[in-house]
Amino acid sequence: MIDQASTYAADIDNIIIWVAVLAGFWFFVAEGVFFWLILKYRAKPGVKAQYLEGHENHVKKWVTWPHVGILAFDFVIIVMAIMVWYDVKQQLPEPDRTIRVIGQQWAWTFQHPGQDNQLDTDDDIFTVDELHVEVDQTYHFLLEATDVLHSFSIPVFRIKQDAIPGRTITGWFEATQTGEYDVQCAEICGIGHGVMAARVHIEDSDGHAAWVASAATAQ
Amino acid sequence: MIRVRSSKFVALPIVAIGIAACDSTPPPVGMARGEELFETCAPCHGETGAGNADIETPAIAGLPQWYLQSQLQSFQEGWRGQHADDIPGLRMRPMAVTLNREGDIESVSQYVASLDPTFPPSTLHGNAGVGAEQYRAVCVACHGEDGLGDEVLRAPPIVQIHDWYLLQELENYRSGARGAHPADTWGITMRANTVAMTDQTMQDVIAYVQTLR
């Protein structure tokens, strides 16, 4: 499995694992019963097949009990999913920084706050296909698209958020480890979709401050 | 047993097809490969390389091979199409990056250079008379009296290019969205010649260039 580099990456992985386990449990139970019944009631000399309408309780229980069990497991999955969804998508923790992410065919433009730590000021730093963030800091991202649908995806963060022309969508993340990882577009956006790739550089406090200073000088 | 034999007969062609599909030997460098590669360019630049103003793709048909090659290399190197304000360039750069086999750039450039130039109609309304003075004072040194450019000076022909595209690129040079990379020495020359140009001057010069056809 790829790195888990955000605060909620493990939560999302856990729910995927639980869905696989719970759905997998019923898959193997159902297949086991299915093949057991085929074997048990296979054709035998002198035994005539019966047609069962399924009205009797002792027959219906083979459908009803698994149905109830699956509903119970579904309930568990839905509750877990809502909890993770709320944490990732519905709530917005107070940000340490805000960045703007703009998707266009076929590149990502990132607007970082400069040394004043405020977005939309004169010292903002614009980069193409290169996002710089500081580890252990909460970021809000303002996601926009200039032309068609895109999807802002950072696999190690477990972020995947559609970008829609005409709308600004706010999301958040907090990186938990330093490193350099892929950013990709996860929504077919034209002939160059497959090469619409960028990198996120997660730096410690000193490293990020050094990058901001060097970028400010370059601009 | 019969079934086992049948499966062998089925499997052999599948394996052969699989091996054939994995054969990644590219066609030789040249027009045939260029024509094949151009299929990726055609959705935006058009089957004839005439460009499409609606999606801001310029006419490229008939531009010199050396210029097409240099620009594709510039996109690959990130000298072009790497600035947040250059939206059409941002589209072009990843497409240029896909030309990653040895000989791809040469082949597609050769093919595009072989296409007939289209000389798209004018869309701007500059004063050609005023623009002539500016052109003869500055631009002529590299692009020539006839606007056909000079390979030695790495100046492309500009008479066959969309006027809106010329304006867009002059603005890009002026803002630093193009020609600002330290390695782009020829672009830096062009940028130096645009920083003092006003919007009106640009339109006037372009109007004059259109008269050179």
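Provided above is the structure to which this section pertains.
What this report covers is the structure whose coordinates are included nearby. (Residues numbered from 1 in each chain as written. Chains lettered and ligands numbered in written order. Predicted model: local features only at pLDDT ≥ 70, side-chain atom pairs only at ≥ 80, totals over all residues. Heavy atoms only, no water.)

**Concerning the pattern of salt bridges**
All names here are of chain A.
Move 1: Throughout the structure, instances matching the rule amount to eleven salt bridges over all chains.
Move 2: Measuring nitrogen to oxygen at the nearest pair gives 2.9 Å for the salt bridge that ties R97 to E134. Taken together, the residues R97 in strand β1 (residues 97–104) and E134 in strand β4 (residues 130–134) connect sequence positions 37 residues apart. E134 carries the same exposure label as R97, and that label is buried.
Move 3: Here R199 ties to E180 by a salt bridge, and the two come within 3.1 Å at their closest N and O atoms. Linking R199 in strand β10 (residues 197–203) with E180 in strand β9 (residues 179–185), this pair joins segments that are 19 residues apart in sequence.
Move 4: Looking at R199, the relative accessible area reads 30%, which means it is partly exposed. (Salt bridge = Lys/Arg side-chain N within 4 Å of Asp/Glu carboxyl O. Helix = DSSP H or I, 4+ residues; strand = E, 2+ residues; numbered from the N terminus. Buried < 20%, exposed > 50% of the residue type's maximum accessible area, 1.4 Å probe, protein only.)

**Thoughts on the interface of chain B and chain A**
Move 1: Tallying the contact residues gives 13 residues for chain B and eleven residues for chain A.
Move 2: Summing the contributions of chain B and of chain A, the shared interface buries around 1,000 Å²; its carbon and sulfur component is 75%.
Move 3: For the interface between chain B and chain A, the tally reads zero salt bridges.
Move 4: Where chain B meets chain A, there are one residue pair in polar contact (both at pLDDT 80 or more).
Move 5: Those elements that place two or more of their residues in the side of chain B that touches chain A are α2 (31–45) and α4 (87–97) of chain B.
Move 6: Broken down by class, the residue content of the side of chain B that touches chain A amounts to seven nonpolar, four polar and two charged. (Contact = heavy atoms within 4.5 Å. Buried area = accessible area lost by both parts, 1.4 Å probe. Polar contact = N/O pair within 3.5 Å; in protein donor to acceptor, adjacent residues only side chain to side chain. Nonpolar A, V, L, I, M, F, W, Y, C, P; charged D, E, K, R; others polar.)

**So, the packing of helix α3 (residues 65–77) of chain B against α4 of chain B**
Residues and elements named next belong to chain B.
Move 1: One can describe the packing of α3 onto α4 by two numbers: an axis separation of 8 Å at closest approach and a directional angle of 95°. As far as their axial angle goes, α4 and α3 are roughly perpendicular. Taken together, the residues of α4 that come into contact with α3 (itself represented by L72, F75 and Q76) are G89, M92, R93, A96 and V97.
Move 2: Looking at the contact of α3 with α4, its residues break down into five nonpolar, two polar and one charged. (Axes fitted to C-alpha atoms, helices over the stretch in contact; angles between N-to-C directions. Parallel < 35°, antiparallel > 145°, perpendicular 65-115°, else oblique.)

**Brief notes about the sheet that holds β1 of chain A**
Residues and elements named next belong to chain A.
Move 1: With mixed pairing, the five strands of this open sheet are ordered in space as β3-β2-β1-β5-β8. Here the strands that pair on one side only, and so sit at the sheet edges, are β3 (125–128) and β8 (169–174). Pairs of neighbouring strands in the sheet enclose a mean axial angle of 25°, with direction left out of account.
Move 2: By the bridge criterion, four bridges tie strand β2 (residues 107–112) to β3 in an arrangement that is antiparallel. If you follow F110 over to β3, its bridge partner there is T127. (Pairing = 2+ DSSP bridges.)

**Here we look at unusual backbone geometry**
Move 1: Of the consecutive residues Q105 of chain A and W106 of chain A, the connecting peptide bond is found in the cis state with omega at -5°.
Move 2: Tracing the chain through its elements places W106 of chain A in the loop between β1 and β2.
Move 3: Positive phi, close to 55°, is recorded for E56 of chain B, a residue that is not glycine.
Move 4: Here E56 of chain B is to be found in the loop between α2 and α3.

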